[in-house]
Amino acid sequence: MEKKHYKKITTKALFDMKQQGEKISMLTAYDYTMARILDAAGIDVILVGDSASNVMAGHETTLPITLDQMIYHASSVVRAVERALVVVDMPFGTYQGNSKKALESAIRIMKESGGHAVKMEGGAEIAESVERILSAGIPVMGHLGLTPQSIYKFGTYTVRAKEEKEAKKLLEDAKLLEELGVFSIVLEKIPAQLAKQVTESVRIPVIGIGAGPNVDGQVLVMHDMLGMTKDFSPRFLRRYADLHSIMTQAFKQYIRDVKTLDFPNESEQY
Ligand code: KIV
């Protein structure tokens, strides 16, 4: 079957891509310049992840990032994007346990950032919030498996749902989220076989990170796949560049050039 060219990626386009067997590409971005390069390269989905809390702000977990900070990152990304679908993470504490607050938070994200959809971590526990946000016409992407906003409950970032009980709950949560009306689900760090089972059990696209190849698309954190972060090397991470070395070399060269009066030269002055 011939692949369709999508001028603009919508939630419907992602659904169609799953039906046609076209894999969905997704990466994170948090600022205008990176998002512009990423969008022009042809990425399908840009996730303004709450991983900004780690890679942009240097926090140990994703918990501290605020709604205002996520809106700032998301609006910077939205200004850069012409084609990709922009999904914005709802930060910790803005949707759990209170569906009215959840809707208010999602509305702020949509109104103030111009993002196209929100992403929320969890299954049955957050069903009421998901339902209420969907009822306002805001597209929701689910996130199951390793859910970093619950790190203090899990205690570690190791592979989730290896045991039958947790795997069963994950599968049920995926079906529930689909029933509620989410347009896609991210599965993070779970056994590849379980991810395959989930992907085959729902009609909506499933995007994996550390979930093996038998899903409908893949997502990585941009700074990790570009090799800017040195201290994070999970098995699932493929580094497509070594920007850490390239940037370090450029910075060192600049420092040398300034110190030795090589920069600026005659052609670099007025
Ligand atoms: O915040 C994030 O970057 C994410 C991805 C890891 C899926 O949620």
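Residues numbered from 1 in each chain as written. Predicted model: local features only at pLDDT ≥ 70, side-chain atom pairs only at ≥ 80, totals over all residues. Heavy atoms only, no water.

### Observations regarding the packing of helix α6 (residues 127–135) against helix α8 (residues 164–180)
Helix-helix packing is described using two parameters, namely the angle between the two axes and the distance between the axes. The interhelical angle for the contact between α6 and α8, taken along N-to-C directions, is 25 degrees, at an axis separation of 10 Å. Accordingly, the angle class assigned to the pair α6 and α8 is roughly parallel. Crossing angle aside, the handedness with which α6 passes α8 is right-handed. Residue-level contacts link Ala 127, Val 130, Glu 131 and Leu 134 of α6 to Leu 176, Leu 177 and Leu 180 of α8. (Axes fitted to C-alpha atoms, helices over the stretch in contact; angles between N-to-C directions. Helix = DSSP H or I, 4+ residues; strand = E, 2+ residues; numbered from the N terminus. Parallel < 35°, antiparallel > 145°, perpendicular 65-115°, else oblique. Left-handed = near helix turned anticlockwise from the far one by under 90°. Contact = heavy atoms within 4.5 Å.)

### Quick look at the sheet that holds strand β7 (residues 206–209)
By definition, the strands of a sheet pair up through backbone hydrogen bonds, in either a parallel or an antiparallel sense. Strand order in the closed barrel formed by eight strands is β1-β2-β3-β4-β5-β6-β7-β8, with parallel pairing between adjacent strands. On average, each strand axis in the sheet is tilted by 25 degrees relative to the strand beside it, whichever way the strands run. Of the pairings in the sheet, the one linking strand β6 (residues 184–188) to β7 comprises four bridges and is parallel in character. When the sheet's bridge partners are listed, Ile 185 is paired in β7 with Val 206. Sheet strands in contact with α8 are β5 (140–145) and β6, and its direction is about 175 degrees off that of β5. (Pairing = 2+ DSSP bridges.)

### Here's the deal with helix α1 (residues 11–20)
All of the buried residues in α1 are Ala 13, Leu 14, Asp 16, Met 17 and Lys 18. Contacts from the buried residues of α1 go to β1 (24–28), β2 (45–48), β3 (85–89) and α9 (192–201). Immediately downstream of α1, the backbone of Gly 21 shows phi near 75 degrees, a positive value. (Buried < 20%, exposed > 50% of the residue type's maximum accessible area, 1.4 Å probe, protein only.)

### Some thoughts on the domain arrangement of the protein
When its domains are assigned, the protein resolves into domain 1 (11–239) and domain 2 (242–270). Taking only C-alpha atoms into account, the centre of domain 1 sits 38 Å from that of domain 2. Every contact between the two is made by four residues of domain 1 and, on the other side, five residues of domain 2. For the pair domain 1 and domain 2, the summed buried surface comes to about 400 Å²; carbon and sulfur atoms form 64% of the total. Its largest share of buried area at the contact with domain 2, domain 1 owes to Leu 226, Met 228 and Lys 230, together 83% of the area lost on that side. Remark: the boundary between domain 1 and domain 2 carries one salt bridge. For Lys 230, the salt bridge identified is with Asp 242, shortest N-O distance 3.7 Å. (Domains from an automatic or database assignment. Buried area = accessible area lost by both parts, 1.4 Å probe. Salt bridge = Lys/Arg side-chain N within 4 Å of Asp/Glu carboxyl O.)

### Focus on the pairing of strand β8 (residues 217–220)
The pairing of β1 with β8 spans four bridges and is classified as parallel. Among the inter-strand pairings, Ile 24 is bridged to a residue of β8, identified as Gly 217. Pairing geometry for β7 and β8, over two bridges, is parallel. The residue of β8 that forms the bridge with Gly 208 is Gln 218.

### Brief notes about helix α11 (residues 243–259)
Turn by turn, an α-helix covers 3.6 residues, leaving residues three or four places apart pointing in a common direction. Its 17 residues give α11 an end-to-end C-alpha distance of 24 Å, which sits within 8% of 24 Å, the value for a rise of 1.5 Å per residue. One or two residues past the end of α11 sits Leu 261, with phi positive at roughly 65 degrees. (Expected span 1.5 Å × (residues − 1).)

### With respect to the pairing of β3
For β3, the tally of buried residues reaches five of five residues, placing the bulk of the element in the interior. Burial along β3 is two-sided: Leu 85, Val 87 and Asp 89 facing one way and Val 86 and Val 88 facing the other are all buried. Two elements, β2 and β3, share four bridges in a ladder whose sense is parallel. Counterpart to Val 48 in the pairing with β3 is Val 88. Both β3 and strand β4 (residues 117–121) contribute to a ladder of three bridges, which runs parallel. Bridging across to β4, Val 88 finds its partner in Val 118. Assessed by its sense of winding, the connection that carries the chain from β3 through helix α5 (residues 99–113) to β4 is right-handed. (Right-handed = clockwise from strand over helix to strand, strands pointing away.)

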